[in-house]
Each structure stands twice: as C-alpha cells, then as structure tokens.
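Listed below, chain by chain, are the residues.
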Amino acid sequence: MSIKQISVFVENTPGALYGLTGVLAQHQVDLRALSLAETSEFGIVRMIVDNVYQATTVLKDAGYVHSLTPVVGVAIPDVPGGLNRVLQVLTDAKVNIEYMYAFLGGKSVDHAYMIFRVADEATATAALAARGIQTLEQDAIASL
Amino acid sequence: MERYYQPEIECASREQIRAWQDERLVKQVRHAYDHVPYYKKLMDDKGVKPEDIQSVDDLYKLPFTYKKDLRDTYPYGLFAVPMKDVVRLHASSGTTGKQIVVGYTREDLDIWDDIVARQLVAVGATEEDKVHISYGYGLFTGGLGLHGGATKLGATVIPVSSGNTQRQITILRDFGSTVLCCTPSYAAFIGETLHEMGLTGKDIPLKAGIFGAEAWSEEMRKDIEEKLGIKAYDIYGLTEIMGPGVAYECSAQQGMHVNEDHFIIEIIDPETGEVLPEGQQGEIVFSCITRQAFPLLRYRTRDIGVIHRGTCSCGRTFVKMSKPMGRSDDMLIIRGVNVFPSQIETVLLNHGYSANYQIIVDRVKSTDTLEVQVEMTPEMFTDNMGEIERRQRELVEGMRSLLGLAAKVKLVAPKSIVRSEGKAVRVIDKRKI
Ligand SMILES: [Zn+2]
C-alpha cells in the first residue's frame, strides 16, 4: 500500500516556505511530515498531511503548483538496526530508492516513520510485507 | 463562404486600389502641408514641395516622421483641422517618455469603424454576434476602437473592459459572448484561468478572438485556440496611425491585410531608410492617406515585419503584412546579438512552458546577462527534481540554438510575473549604458 505525498513548487526566496506553511496552518491542515529538496532558485516541498483533499484544495486556491506522488511509509521500531533492516529488504528486492526522509511519529513513542519514494511501490510493499514489515495506509495517517 | 464587410473595396482590383492611393496621397500631402506648419517645415527642410508628389511612386521623396515628432509637437502640433472639428482624442503613453495625443474628426472615426468592421466580418462575425471587448477603455485605442467597429457592424457589444478575470469568465458564460477582443497575453490568461476553474472551451460559446496590441507567436495562437476553443486572429494598429484595424487577419490566418484604401505600407531598411523590395524584412512605415485630423505621413512604426503581395485564399486583394517580429524598440541587443521577446516566447511555448515570462537584462562586469523568468505550471511540474532540472537545461539549449545566446532560466511561482492592464511586462533592462 502506498500513501499520498503532496509535492509543492516553491521559489527559494526568504519567506516562501513560511508562506506555504501559513496557508496550511490557516486552514488547519496538519502536517505529519515535511521535507525540502532545493536548488539555489527553487525547491520542492514534500509533505504528508492528515487530509490530502483539503490540503490540495487549499493549495490550489492559494495558487500553488503541486502534484501528488505515491510514496511508501514504514513504521520503524526505535531500536538500533531498525532502518538498516528495512533498507536490507528493499535492497534484496532490488527496489531503487529515489529519496527518503524520516519523521518521528505522533502518538507512538517507540516508532520512527520513514517515507520512501521508490520506482515501484507495489514491489516494495510486497517485499516488506513478506518480511513482516507493515507499510502505512493512507487512512492511518490521520490518526498517527 | 467568405464574407466581406465592403467587398467592392476589400476585393477591388489592384489597379483600382492603386488609383485610390495615388489620388488620396496627393490630396493628403497637400492637406498636411497647408494645415500643419510642422509638416511644411519638415518638407521645406527636405526641399520637397507638395507638387513633387504626383503618385505613390513619389512617396519615397517625403521625409519620415518619428515618434519624437509627435512628442515635440505635443499635444496638438500635428493636428490639421480646427479643434471644433475634432470629436475624439486618444493618447498613448508608451513605455518610455512623454505621451502622445492624436485626434479624430467624425469622418476619421467613421473610417476607423469601417476598418474594424472589416476585421470582425473577416473572422466570421455578423450582427448576430456578441462581441466581448476586454481591451481597456479610455485613452487607449483598443477598447473604443473595437467598440466602434462592432457597433457599426450591428453586433451586440459587451463593453467589459480589462481586468477581473473571474468576472470576465462569468460574463463569457452568462452573456454568451461569441467573439472576444483583447490582448493576446490577456486571452492566454483568461484561458489559463478557465482551465484552473476546471472548465474548457466547450463551456463557453466563444468562437473567435481578435487579439492585438502586442507581438505574439504562432505557438501562442495555438495555445489560446486550444484553451478557449476558438479561432484566434491577429489585428494590427497603432494609436499614431488610427488604432486597431490598420491591418486585419482573414480566414487564411497567414498575415494581415493592410487597409490600403486608407493606409500605404512601406518596408524600409531601418539603418539607411531605403525602401526594401517585397518579401524582405525591415521596419514598417505607414502613411495615412484619408485621415483628416492627424495626417501622419511616412511614420516610422519601429515594428519589424515583411509584406507579401499575391493572391490570398480569402479573395481580398489588399497586400498582407506579417505578424510583426517585434518592435525595433523591443529589440534587445545582448552581447551584440539582436533578440526579440517574441523569439523567447516561441522557445518557451515549444518546450511546454507558459507564455507568462519576463526577460531581465543586466550588465555584470561589462558583460550583458540575459535571464528569462518563467512561471511554473501544473503541466511542467513534477516531484522529480532531476526531471525539472533536465527540462530547464533543455530550455536553455533551445534558447541557445534559436537566439545564438546563452540565457539563464529561472523558474518562478505561478502568477508572480506582474501584469498591468492585461499586458504583461515583458522586459526589464537594468543596464546602465
Ligand atoms: Zn486573406
């Protein structure tokens, strides 16, 4: 199963990111995770939110260019070697990781969460499931 | 079936057109010489007398007039009739310097209405049509120019004026506008907004558009036609000459017919002033041969274009001028290379970007720099950073091959490029020369 990440185009100028988070805050969109890829001139803000429909509507109205990207979310036990085990599975399954980022999870104190952007979500999810690693579903995001 | 507003004129024989021009030019030169001291002086200084002009063949003997002449005689120094006969004034501020003022007699306005009506009929409009005018109304000739022609044709005029795009779209839908008149950049913007509202050309009854007052490319035409679901036509005019309608595009969509019963077009070498043969690119020069209040002769438009004689599939016999390549005023000389904003626009649209761009020219350590800022669009955005950068490099390559010049491309947020009165600010030249 994959979850939906919202990717937003922002200029790399002072206040651009603040403008974006301001719009989201104003409409009570709860950010679960956020990561920024940037060049010296522009950036892509990648985020996982509680309510994708609401967030994209708000962004559209505010004039942001954005897209939805399927990503794989994994809850990783907060113990040494946790991430390593997941990467091992993906490597064995020959799943190419385009980028990844972490966030520390809401109510669960003993888990960290990783978001993986992979070439093939289905293969990644199946490989992880076969080794007993559960991936996050979209519905679960809101209750994290 | 091609329809004409004045078929006896628009499809007249070349001999007839030439006869009108000869007769009217001779009269006009006399009118200007006798009633405008400034003209008399210009001609006297060049040693030309009105009687030296016997036909169009003698046109080259007349001195050129420039925008500077209009500024120097501001406001009424080139008017050839008493103010009691002037029923309308229009003005153009231009991007540089003092504004210029032009005047119209009732007869001048009547001619203007006729030539705009010719354009409307050429794009298929009839008295059944609802003509939606989103050009600015006021001293700018766009709004009232199209308004007069559409009224004369007997169409239903919707004088919306420019701005408030949401409202424009509401009117397009609710009033059922069938012909849209505005600047091409504003048409593209309306199309874009329509698209954003989740609508397409199918949701509005619009069938044709008449777009002028800016240089625009064939690619932009396609973009507008697609987004609005219409046929897009070009119209040419300058406030100094009359306003929109000096030349008009027909169903062939390949160049604009010059209203030769009222204007004579010449293409000249902008450096030497020499008249160039047909088919050669140069500066467009116009002479008004019927205008009473403001008889401008051999006016240097600064527009770069080319003319083509020969028959047109539409049946009109007036000579055709190409879409101007750009203003010689707009022409930028960057590191010794001539660059027109319209060329940059072509590359952008060819690469899938929007026509919302701005060109910033600067000079850093005595070297000119060219930066093109272009708005990101949903179509060109992807989550893949590498892909965005690859498209950006392709664009830079495209510019290099077309312009022969390295440009920097900067992707900016949507709607961040300033538009004024629907007209995008295309060039910012920061060089201090
Ligand atoms: Zn034609």
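Predicted model, so just to flag it, every value in this text is computed and none were measured. (Residues numbered from 1 in each chain as written. Chains lettered and ligands numbered in written order. Predicted model: local features only at pLDDT ≥ 70, side-chain atom pairs only at ≥ 80, totals over all residues. Heavy atoms only, no water.)

*Asks:* Can you help me understand the overall build of chain A in this one?
*Replies:* A count of helical and extended segments in chain A gives five helices and six strands. Secondary structure elements of chain A occur, N-terminal to C-terminal, as β-α-β-β-α-β-α-β-β-α-α. Looking at the 144 residues of chain A, the share that counts as buried comes to 47%. Taking all contacts inside chain A whose residues are at least 6 apart in sequence as the whole, residues at least 24 apart take part in 69%. When the accessible surface of chain A is totalled, it reaches about 7,200 Å², and 54% of it is carbon and sulfur. (Helix = DSSP H or I, 4+ residues; strand = E, 2+ residues; numbered from the N terminus. Buried < 20%, exposed > 50% of the residue type's maximum accessible area, 1.4 Å probe, protein only. Contact = heavy atoms within 4.5 Å. Areas by Shrake-Rupley, 256 points an atom, 1.4 Å probe, with all protein chains shown as cover.)

*Asks:* What am I meant to see in the sheet that holds strand β7 (residues 231–238) of chain B here?
*Replies:* Strand pairing in a sheet is mediated by backbone hydrogen bonds. Such pairs are either parallel or antiparallel. Residue and element names in this part refer to chain B. A sheet is described by the order of its strands in space; here nine strands give the open sequence β4-β3-β5-β6-β7-β8-β9-β14-β13, paired in mixed fashion. Two strands bound the open sheet, and with one partner strand each, they are β4 (156–158) and β13 (307–308). In terms of strand pairing, strand β3 (residues 130–133) meets strand β5 (residues 179–182) through three bridges, oriented parallel. The residue bridging Val 131 from the neighbouring strand is Val 179, located in β5. (Pairing = 2+ DSSP bridges.)

*Asks:* I keep staring at the coordination of the zinc ion and nothing clicks. Help me out?
*Replies:* For a metal bound by four donors in a tetrahedral arrangement, the ideal donor-metal-donor angle is 109.5 degrees, while six donors in an octahedral arrangement ideally sit at 90 or 180 degrees. Coordination of the zinc ion by the protein involves Cys 250 of chain B (SG), His 257 of chain B (NE2), Cys 312 of chain B (SG) and Cys 314 of chain B (SG), with metal-donor separations of 2.1 to 2.2 Å. What the four donor atoms of the zinc ion show is an angle range of 102 to 113° at the metal, which sorts the shape as tetrahedral. (Donors = N, O, S within 2.8 Å, 3.2 Å for Na, K, Ca; no water. Tetrahedral: all angles 85-135°; square planar, octahedral: opposite > 155°, others 65-115°.)

*Asks:* Explain the interface of chain A and chain B here, please?
*Replies:* Quite often, the size of an interface is put as the accessible area lost when its parts meet. Contacts between the two partners involve 22 residues from chain A, matched on the other side by 20 residues from chain B. When chain A packs against chain B, close to 1,500 Å² is buried across both sides, 63% of that on carbon and sulfur atoms. Considering only the surface of chain A that becomes buried against chain B, Phe 9, Glu 41 and Val 65 of chain A emerge as the three largest contributors, covering 38% of it. Our enumeration of links across chain A and chain B arrives at three salt bridges. For Asp 383 of chain B, the salt bridge goes to Arg 46 of chain A, with nearest N and O atoms at 2.8 Å. Applying the counting rule to chain A against chain B returns seven residue pairs in polar contact (both at pLDDT 80 or more). Breaking the side of chain A that touches chain B down by element, the ones donating at least two residues are β1 (3–11), β2 (31–38), β3 (42–49), β4 (66–77) and β5 (97–104) of chain A. Here the side of chain A that touches chain B gets five residues from one element, more than from any other, and that element is β1 of chain A. (Buried area = accessible area lost by both parts, 1.4 Å probe. Salt bridge = Lys/Arg side-chain N within 4 Å of Asp/Glu carboxyl O. Polar contact = N/O pair within 3.5 Å; in protein donor to acceptor, adjacent residues only side chain to side chain.)

*Asks:* What's the story with the sheet that holds strand β6 (residues 111–118) of chain A in this structure? I'm lost.
*Replies:* One open sheet accounts for six strands, arranged β2-β3-β1-β4-β6-β5 (chain A); its pairing is antiparallel. Both outer strands of the open sheet, β2 and β5 of chain A, are each paired with one neighbouring strand and no more. Pairs of neighbouring strands in the sheet enclose a mean axial angle of 30°, with direction left out of account. Sheet topology places β5 of chain A next to β6 of chain A; seven bridges connect them, and they run antiparallel. If you follow Phe 103 of chain A over to β6 of chain A, its bridge partner there is Tyr 113 of chain A. Sitting on the sheet, helix α4 (residues 121–130) of chain A is in contact with β4 and β6 of chain A, with an inclination near 10° to β4 of chain A. Lying over the sheet, helix α11 (residues 385–403) of chain B contacts β2 and β3 of chain A, oriented at roughly 155° with respect to β3 of chain A. (Axes fitted to C-alpha atoms, helices over the stretch in contact; angles between N-to-C directions.)

*Asks:* Looking at this structure, I do not really get the environment of Asp 110 of chain A. What am I missing?
*Replies:* Residues and elements named next belong to chain A. Here Asp 110 lies in the loop between β5 and β6. Measuring from C-alpha to C-alpha, the distance between Asp 110 and Ile 76 comes to 8.6 Å, with 34 residues separating the pair along the chain. Beyond its immediate chain neighbours, meaning those up to four positions away, Asp 110 contacts Ile 76, Pro 77 and Asp 78.

*Asks:* Can you help me understand the environment of Glu 38 of chain A in this one?
*Replies:* Mapped onto the elements of the fold, Glu 38 of chain A is located in strand β2. Each C-alpha atom, one on Glu 38 of chain A and one on Glu 11 of chain A, is 9.1 Å from the other, the two residues being 27 residues apart in sequence. In this structure, Glu 38 of chain A is in contact with Asn 12 and Gly 43 of chain A together with Met 385 of chain B, ignoring residues within four places of it in sequence.

*Asks:* Sorry, what's going on with the confidence of the model for chain A here?
*Replies:* The predicted structure's coordinates, where accompanied by low pLDDT, should not be read in detail. The share of residues in chain A with pLDDT of 70 or more is 96%, and the mean pLDDT across the chain is 89. Mean pLDDT across the elements of chain A ranges from a minimum in helix α5 (residues 138–141) of chain A, with 82, to a maximum in β1 of chain A, with 95. (pLDDT = per-residue confidence, 0-100.)

*Asks:* How should the nonpolar core be read in this particular structure?
*Replies:* All names here are of chain B. Counting residues in hydrophobic clusters, the biggest one holds 71 residues, and the most contacted among them are Leu 120, Ile 241, Phe 263, Phe 286, Leu 296 and Met 321. A total of eight residues in this core trace back to one element, the largest contributor, which is helix α5 (residues 106–122). With residues near it in sequence (within four places) discarded, Leu 296 still touches Tyr 39, Thr 65, Leu 70, Leu 78, Glu 240, Ile 241, Phe 286, Ser 287 and Cys 288. Counting residues in hydrophobic clusters, the runner-up holds 31 residues, among them Phe 381, Leu 395, Val 396 and Met 399. (Core = buried A, V, L, I, M, F, W, Y, C linked by side-chain atoms within 4.5 Å.)

*Asks:* How do you make sense of the packing of helix α3 (residues 82–92) of chain A against α4 of chain A when you look at a structure like this?
*Replies:* Residue and element names in this part refer to chain A. Across the interface, α3 lies against α4 with an axial gap of 9 Å and an inter-helix angle of 120°. Classified by the angle their axes make, α3 and α4 are oblique. Here α3 and α4 pass one another in a crossing that is right-handed. On the side of α3, the interface is formed by Val 86, Val 89 and Leu 90, while α4 contributes Ala 124, Ala 127 and Leu 128. Along the lines of polarity and charge, the residues of the contact of α3 with α4 split into six nonpolar, no polar and no charged. (Parallel < 35°, antiparallel > 145°, perpendicular 65-115°, else oblique. Left-handed = near helix turned anticlockwise from the far one by under 90°. Nonpolar A, V, L, I, M, F, W, Y, C, P; charged D, E, K, R; others polar.)

*Asks:* How do you make sense of the side chain of Gln 343 of chain B when you look at a structure like this?
*Replies:* Residues and elements named next belong to chain B. Counting through the fold element by element, Gln 343 comes out in helix α10 (residues 341–350). A polar side-chain atom of Gln 343 sits 2.8 Å from the main-chain amide nitrogen of Phe 340. Residues contacting Gln 343, with those up to four places away along its chain left out, are Asn 338, Leu 402 and Leu 403.

*Asks:* Looking at this structure, how should I read the packing of aromatic side chains?
*Replies:* One pair of aromatic rings is described through two measures. These are the centre distance and the angle between the planes. Scanning the model with the defined rule gives 13 aromatic pairs over all chains in all. Ring geometry for Phe 79 of chain B against Phe 294 of chain B: centres 5.7 Å apart, planes inclined by 90°, an arrangement best described as edge-to-face. Of this pair, Phe 79 of chain B sits in the loop between α4 (67–72) and β1 (86–92) while Phe 294 of chain B sits in the loop between β11 (282–288) and β12 (299–305), and the two are 215 residues apart along the sequence. Each member of the pair, Phe 79 of chain B as well as Phe 294 of chain B, carries the same accessibility label: buried. Note on Phe 211 of chain B and Trp 216 of chain B: the rings are 5.9 Å apart at their centroids and 80° apart in plane angle, and the pair reads as edge-to-face. For Trp 216 of chain B, a relative accessible area of 2% corresponds to the buried category. These aromatic residues form a ring-pair network of at least three members: Phe 9 and Phe 42 of chain A together with Phe 381 of chain B. The side chain of Arg 46 of chain A reaches across the aromatic face of Tyr 99 of chain A, ending 3.6 Å from its centre. Above the plane of the ring of Trp 216 of chain B lies Lys 323 of chain B, whose end atom (NZ or CZ) is 3.9 Å from the centre. (Phe/Tyr/Trp six-rings, centres within 6.5 Å; stacked < 30°, edge-to-face > 60°. Lys NZ or Arg CZ within 6 Å of the ring centre and 35° of its normal.)

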